[in-house]
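For reference, the chains in residue letters:
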Amino acid sequence: QQQVKQSPQSLIVQKGGISIINCAYENTAFDYFPWYQQFPGKGPALLIAIRPDVSEKKEGRFTISFNKSAKQFSLHIMDSQPGDSATYFCAASTGNSNSGYALNFGKGTSLLVTP
Amino acid sequence: DAGVTQSPTHLIKTRGQQVTLRCSPKSGHDTVSWYQQALGQGPQFIFQYYEEEERQRGNFPDRFSGHQFPNYSSELNVNALLLGDSALYLCASSLDPGVRAQYFGPGTRLLVL
C-alpha cells in the first residue's frame, strides 16, 4: 500500500517556468517530509525537507509548501532550468531515535524542462 | 568528504543464486539503511542498521538479510534470488538514528535472469 501518493507522474515545463509537484499522505504520524532529486543512473539526492510545524520552507529556487490539515505537501521549482530535468520523489517518515526512521517514498515525477 | 559508496555497480545473477551487496556510509555517519528501487518506482525501505543491529525492517521476506560491521559499513544479502528481485539497491546513511536526513549512494543495479 502506497503511503505517499505523488502527482503528476510526468511534467513538462518551459525554461523559466514554475514546476509544481504534489504529494498527499494519510498517516498523521508522519513528521518529516523530504524531497529527493534523482538523475538517471544515480542515487536520490536530498534537496529540501520540512517538518509539519512549518507551512513553507525555501532554499534557493526550491520551495516546499505544507498543508497539515489537508495532509498534502508540494515542491515548487522556480525559474526551472534544463538542468533540473530529473525524477523527483517526495517522501515521509515517522519513528524514534531507537527504532530509526524509514522513508516512505512516492512513485516519482519525471520532470522535463524544455529550452 | 567521501559520500556513500556502494559496490559493485552492476551485477547479473541467475534465479536461485545468492548475492551480497556492500555499502560504506558517508564519513561520520553510523546508521545505514537499505532500499530497493524497482524500475519506474520509488525506493522501498528494506531495513536499517545501527550499532551492528537491525533496528527496523520493512515488508521484505527473510531472504533479505543484512549486517553492519564495527566500521559502520554494511552488507545486504539476498538468498534464493527471484526474477522480481531485479532492481536498483540503494544504501543510505545518516549521522545517527535520531537524525532524519538520509544520504544515498549511487546504488547497485542487480539483474536476475
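Everything quoted here is computed from the prediction, not taken from an experiment.

1. Examining the overall build of chain B
Looking only at helices and strands, chain B features zero helices and 11 strands. Along chain B, helices and strands appear, N-terminal first, in the series β-β-β-β-β-β-β-β-β-β-β. Dimensions along the principal axes, computed over C-alpha positions, put chain B at roughly 35 × 25 × 25 Å. Per element, the accessible surface of chain B, about 5200 Å² overall, is 50% carbon and sulfur. Here chain B holds 9 positive side-chain charges and 10 negative ones, and the gap between their average locations is 11 Å.

2. Focus: the interface of chain A and chain B
Taken together, the 23 residues of chain A in the interface contact 21 residues of chain B. At the junction of chain A with chain B, the criterion picks out one salt bridge. In this structure, R100 of chain B engages D31 of chain A in a salt bridge whose closest nitrogen and oxygen atoms are separated by 2.5 Å. Looking at the side of chain A that touches chain B, the elements that each hand over two or more residues are strand 4 (33-38) and strand 11 (100-101) of chain A. By residue class, the composition of the side of chain A that touches chain B is nine nonpolar, 10 polar and four charged.

3. So, the sheet that holds strand 8 (residues 74-78) of chain B
All names here are of chain B. The four strands lie next to each other as 1-3-8-7, forming an open sheet whose pairing is antiparallel. If you trace the sheet from one side to the other, it starts and ends with strand 1 (5-7) and strand 7 (64-68), each paired once. Across this sheet, the average inter-strand angle for adjacent strands is 20°, counted without regard to direction. Pairing of strand 3 (residues 19-24) with strand 8 involves five bridges; the strand directions are antiparallel. By the bridge assignment, L21 is partnered in strand 8 with L76.

The rules we used
Residues numbered from 1 in each chain as written. Chains lettered and ligands numbered in written order. Predicted model: local features only at pLDDT ≥ 70, side-chain atom pairs only at ≥ 80, totals over all residues. Heavy atoms only, no water. Helix = DSSP H or I, 4+ residues; strand = E, 2+ residues; numbered from the N terminus. Areas by Shrake-Rupley, 256 points an atom, 1.4 Å probe, with all protein chains shown as cover. Lys, Arg positive; Asp, Glu negative; His and termini not counted. Charge placed at Lys NZ, Arg CZ, Asp CG, Glu CD. Contact = heavy atoms within 4.5 Å. Salt bridge = Lys/Arg side-chain N within 4 Å of Asp/Glu carboxyl O. Nonpolar A, V, L, I, M, F, W, Y, C, P; charged D, E, K, R; others polar. Pairing = 2+ DSSP bridges. Axes fitted to C-alpha atoms, helices over the stretch in contact; angles between N-to-C directions.

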